[in-house]
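Notes for the structure review
Now for the letters of each chain:
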Amino acid sequence: MQMTRVLSLLTLLPLATATLTAQHPGGTVVYASGQEPTLPLPVIGQGQGNADVADQLFLRLAVLTPPYRTAGDNALKPMLASAWHRVDARTIDFTIDPRARWQDGVPVTAHDVVFTWSLETNPAVNSDQATLEPIASVAETGPRTVRVTFKRPFSEQLYLFAFGMQPLPAHLLERVRPDSIATSAFAQHPVGDGPFRFERRVPGQLVELRADSTFFLGKPAIGRVLFTYIADATARLNQLLTGQTDVMDNVAPTMADQIQAHADLRFVTAPSSTLIYALFNTRSSTDTAAPNPRLADPRVREALLLALDRDALARSAFGQAARVPEAAQSQLWGWITTGTTVGVKQDVARARALLAAAGWRAGADGTLARNGVPLALTLIYPSTSGARHTIAVAAQQMWQAVGVHVELEPAAFDAYQARRHSGQWDIDLAAVMQDASPATLVESWSCAAAHQAASSNVARWCDPEFDRLLHAATTAPDPVPAWRAVLARMTSQHPAIFLAAPVNLVAVNTRYDNVAVLPVRQWLALWQWRVRPGAELARDR
Amino acid sequence: MSGWLLRRTASAIATALAAAAVLFVLVHYLPGDPLAAVLRDRPATPDVLAALRQRWCVDCSLPHSFARYFGALAHGDLGPSPSENRPVAMVLAEHLGPTLLLGALTLLIDFTVGLALGLWAALRPQSRAARMVSALSIAGYAIPAFVVGMILVWLFAVTLGWLPPGAIADPLLPADAPTMTVLFDRLRHLILPLATMVIATIAVPLRQQRAAVLAVAAEPWVLAARARGVPPLAVAWRHCWRPALTPVVTLLGLWLPMLVAGTVFVESVFAWPGLGSLIATATEDHDVPLVMGAGLLLIVMVQLGSLIADLLYRVVDPAQRAA
Amino acid sequence: MTREARIGVTLGGLLLLLGVAGPIIAPDPLAPMSGPLLHPSLANWFGTDQFSRDVFARVAHGARISLGVALIAVAISTLIGTAAGLIAGASTRSGSAIASRCIDLGLALPRVVVLLVLLAAVGTLPLPLFAVVLGLTGWPGIARLVRGETLRLRHAPFVTAAEALGANTGRVLWREIFPGTLGPVLVAATLGVADAMLLEAGLSYLGLGVRPPHPSWGGMILEAREYLGAAPWLLLAPGVALGLATCAATLLGDALRRSLQPDAK
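Residues numbered from 1 in each chain as written. Chains lettered and ligands numbered in written order. Predicted model: local features only at pLDDT ≥ 70, side-chain atom pairs only at ≥ 80, totals over all residues.

**Quick notes on the overall build of chain B**
Across its full length, chain B holds 14 helices and 2 strands. Expressed as a percentage of its 323 residues, the buried residues of chain B come to 46%. (Helix = DSSP H or I, 4+ residues; strand = E, 2+ residues; numbered from the N terminus. Buried ≥ 20, exposed ≤ 12 C-beta atoms within 10 Å, placed from the backbone.)

So this is what it looks like as structure tokens:
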């Protein structure tokens, strides 16, 4: 009895605390991130959690807008750069918006861009140098003009530089040694040029941002954004259901019912850059110098594809909105193909016939065998991924039905990564976040990557014809058919079974209007969200 | 006494260092790509790779990296964390507080409420309520703490909405909130994780205390005191409880490792930003310096715990002082 | 036998029955039934999970796996722990000093951290190897116990007598002291089974335990947690089974302790 009284007393407290907030922050968004934003700076901070906060603090030169077509200059809209013009096929001049100010009042200049470029190209600060390789130089040509020179002509130049560049304030950082920026006072309290300014960080708990009322593109309608840190997805769901948070991204279908039943929550979707596929190792899992004894036969690879009901797998792991792609193409690359292609359907009879043609005969306990060797394969995935666990267990059942025994070997994320790179596996249930640019296919699927140590082409797949088409597509005058040819070639070779291209299912509180979640960098439009008048909660007043 | 304390402290430090060395060797020889936490599967050019391999001492021999790590440690430097891009000490400092808060309160409740219940249950061996308490405590111990936690969250937070489902504080609480408000908010967030930890651990001191008191109660001097007509409460206090304290104090020394094990599994259920969840994510990311740093901290805590227990043991049991 | 001991024996017997007979009467724990997330019914006693698998069959097979892993692990840690403890407590020579240092070192390393580091790096292990790893990290507690007992017994009259009759150290250890430590070791081992089961469940819950799709109770709890509201039987079945098993081991251990120390009753 007494316990109940104490508890009910405690439940009244949030109301009491809310009325104490004197500063009237205005509309509030509370978002729980799965990674703690500890260092929300572009170039220096690592990982999604930091990048999400950095997106609110530091502007990009330009933003990518629907249909997110990275080839050509049309899908990019001005942000920090008010204009740009092409000098020639290898040179672009950018003009920084003269209204842009750092939050300490200092104007944003061309020098900030050049300074940030020097950080990006400093291996001690940024390990991601390969993507910057096509850029030859970045130079100040005036107080507010920057000239970028590329090493060769290609169709994604503007996207590569303008979307990737998030300048840092040179006047605050030039005197800090590049490798100690992470521990500097600036990192504790960043000063940006974006719609929100940094208010405070409570380690292990949250980062609080407040709207910058002087933001040159207009005062944000949301007054305050709280990025809290909740590592566990189930805990994040509980936070959302109990009204502690307002937004949850990448909602699993197992959680969708509970959210749907909640009166204060609704769903919005965004094209997701995520792609799930079962990659076939071209090398033997026991002797990585030799070809894979079972999977080298294209008939076996095709049979493994036909054995699967990919629609059911994609739905069980990602819900109704997931698509089944035919090549390495997430929904983000919808501008290449619209995604309406009807793909290969499950055909168990044909799968059996193909395996029989490849010499695999019925063996002991329902597993096929050839010369006394059973058709057994190992499948690896990270044990922390609920979606891939769901797919792995269900796919294993489907493969066993055609006589292929697949041994599941999940591991902690790092052990999984190490295993992928070691080549000691047959099938890798991979998930990638694709870049907006299809040219990044070269990293995981080209012959050059196959020969490079530690590359993400872990299957060592190499098809010279695919490489030729890929190279042609990056410079093609009409990129759409060229990229279609690239993807069609991949489909025909069965280097992997492409399982799902999910949408990003985002649950948001119904009190927000003008809600937009973007692919690639999902919260770039957060500053334009609004709380519907009359629907405010205590935290919004 | 002070001579003993000096010797005991020296041996605790030596043991902690040896344990840290063993952990270092173990981590050094385990498979896993130390650069995975830095690169996160992004492409890297060969010269960047080479620079990174040198910076993180990837190709170093065991003696070399051993000397490097413990040399820096001698200056109090735990190195940088590759996955966080910040000094390990900074990361640890942020996670130590929440774990200590949860652990210390669990310890406090276990050794006050738990001991009191144990004494009470021992003094009423025939009482139905006492048996019930003892049985319930065993059930709490037997069900994994994270299952208890999941059920408590589902019931009290998601279904009834009485308490927050996790995290250590309300993010909406302003930085300048009055102390009382902050305290109440902490309390609200503490109830469920603390209840989970206590349910999972209280059986041990409770049952240990009950058994110890029962054992002492059968001793001739207690029977004699009873026969003399000393009131039951006085018998309990003077003759049963004091002697029965010794085994409980021994237990205290074993308690810290147990709390550590508990927090690793409980913190992730409640999104409690402590060392337990940090270790779980750091091992996941193969962040070797962070794992080493956190491991070192736990090793020190364990040694400290057993040192304190030994000290208490000598206070409680005067016979030990002579030894 | 006390009431608690009777409860322990009954529970333990029931679980053994579940592990031995359950898999015979239950369907294949990996095969799909008629649909996912079915309520408990006559056909599927504990319902089905999200992969349409029979939960009763998985709990029954899980009993074999969880109990089996715990028993192997405890057998290994008891063997190592007893040997180390006997050597450490036996004499004052350098061998015992080294053994004693090893025990202190083992106690200083937090078991959960070592297991997390190890399993996160090598990935999920095949069942027997997983049990061995659990066992290899569990011995210091038992070693300390045996060391204490050995130190106590070393000066017992019958040991002094044996030494006076010219028995060498090894013989004294084996014939006189070892039998005396058996009782406490048996108690510790029984309690260790409970700890090993809880630890296995915790590691499986973090995705580091028994390899799927083989059913272990901890792994089942991990798979069930997103369905707590929609299909609570998925969590309750393995959770209760695990709770009962741990209870049985704890009660049996306590009962053993009491019957070995009759004066402490």
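**Observations concerning the pairing of strand β13 (residues 274–280) of chain A**
All names here are of chain A. A large share of β13 lies buried, amounting to 7 of its 7 residues. By the alternation rule, side chains of β13 split into Thr274, Ile276, Ala278 and Phe280 and Leu275, Tyr277 and Leu279, which are all buried. Judged from the 4 bridges that link them, β13 and strand β20 (residues 496–500) form a sheet pairing that is antiparallel. Paired with Leu279 across the strands is Ala496, a residue of β20. (Pairing = 2+ DSSP bridges.)

**Observations concerning the interface of chain B and chain A**
Taken together, the contacts link 56 residues of chain B with 54 residues of chain A. Of all the secondary structure elements, the ones that give two or more residues to the side of chain B that touches chain A are α2 (36–39), α3 (46–55), β2 (86–87), α5 (88–123), α7 (145–159), α8 (179–201), α11 (232–269) and α12 (275–285) of chain B. For the side of chain B that touches chain A, the leading source of residues is α12 of chain B, giving 5 residues. Looking at the side of chain B that touches chain A residue by residue, the class counts come to 32 nonpolar, 13 polar and 11 charged. (Contact = placed C-beta atoms within 7 Å. Nonpolar A, V, L, I, M, F, W, Y, C, P; charged D, E, K, R; others polar.)

**Remarks on the confidence of the model for chain B**
Residues at a pLDDT of 70 or more form 91% of chain B, whose mean pLDDT is 82. Confidence, expressed as mean pLDDT per element, reaches its minimum in chain B at helix α14 (residues 318–322) of chain B with 56 and its maximum at α8 of chain B with 92. (pLDDT = per-residue confidence, 0-100.)

**With respect to the nonpolar core**
Counting residues in each nonpolar core, the largest one holds 326 residues, and the members touching the most others are Ala162, Tyr277, Ala307, Ile391 and Leu499 of chain A together with Ile279 of chain B. Here this core gets 17 residues from one element, more than from any other, and that element is helix α2 (residues 55–90) of chain C. If we ignore the near neighbours within four places in the chain, the residues touching Leu499 of chain A are Ile276, Tyr277, Ala278, Arg310, Leu313, Ala314, Val324 and Ile391 of chain A. (Core = buried A, V, L, I, M, F, W, Y, C linked by C-beta atoms within 7 Å.)

**Digging into the environment of Pro178 of chain A**
Residue and element names in this part refer to chain A. Mapped onto the secondary structure, Pro178 falls in the loop between α6 (170–173) and α7 (185–188). For Pro178, a count of 16 C-beta atoms within 10 Å translates into the label partly exposed. Placed 137 residues apart in sequence, Pro178 and Leu41 show a C-alpha to C-alpha distance of 13 Å. Once residues within four sequence positions are removed from consideration, Pro178 is found in contact with Leu119, Asn122, Ala124 and Val125.

**Overview of the pairing of strand β10 (residues 222–229) of chain A**
Residues and elements named next belong to chain A. Burial of β10 is extensive: 8 of the 8 residues sit out of reach of the surface. The pairing of strand β1 (residues 27–33) with β10 spans 7 bridges and is parallel. Opposite Tyr31, over in β10, you have Phe227 as the bridge partner. Sheet topology places strand β9 (residues 206–211) next to β10; 5 bridges connect them, and they run antiparallel. Looking at the pairing, Leu206 lines up with Thr228 of β10.

**What about the sheet that holds strand β19 (residues 427–433) of chain A?**
Residue and element names in this part refer to chain A. Taking strand neighbours across the sheet as the criterion, the 5 strands line up as β18-β17-β19-β13-β20 in an open arrangement whose pairing is mixed. A single partner strand is all that each edge strand has here, and the edge strands are β18 (405–411) and β20. The average angle at which neighbouring strand axes cross in this sheet is 25°, direction not considered. On top of the sheet, helix α13 (residues 386–401) reaches β13, β17 (376–382), β18, β19 and β20; it is set at about 165° to β18, its chief contact. (Axes fitted to C-alpha atoms, helices over the stretch in contact; angles between N-to-C directions.)

**Here we look at helix α3 (residues 47–57) of chain A**
Residues and elements named next belong to chain A. Counting buried positions along α3 gives 9 out of 11 residues, so the element sits mostly inside the fold. By the burial criterion, the buried members of α3 are Gly47, Gly49, Asn50, Asp52, Val53, Ala54, Asp55, Gln56 and Leu57. Of the surrounding elements, those touching the buried residues of α3 are β1, β8 (196–202), β9 and β10.

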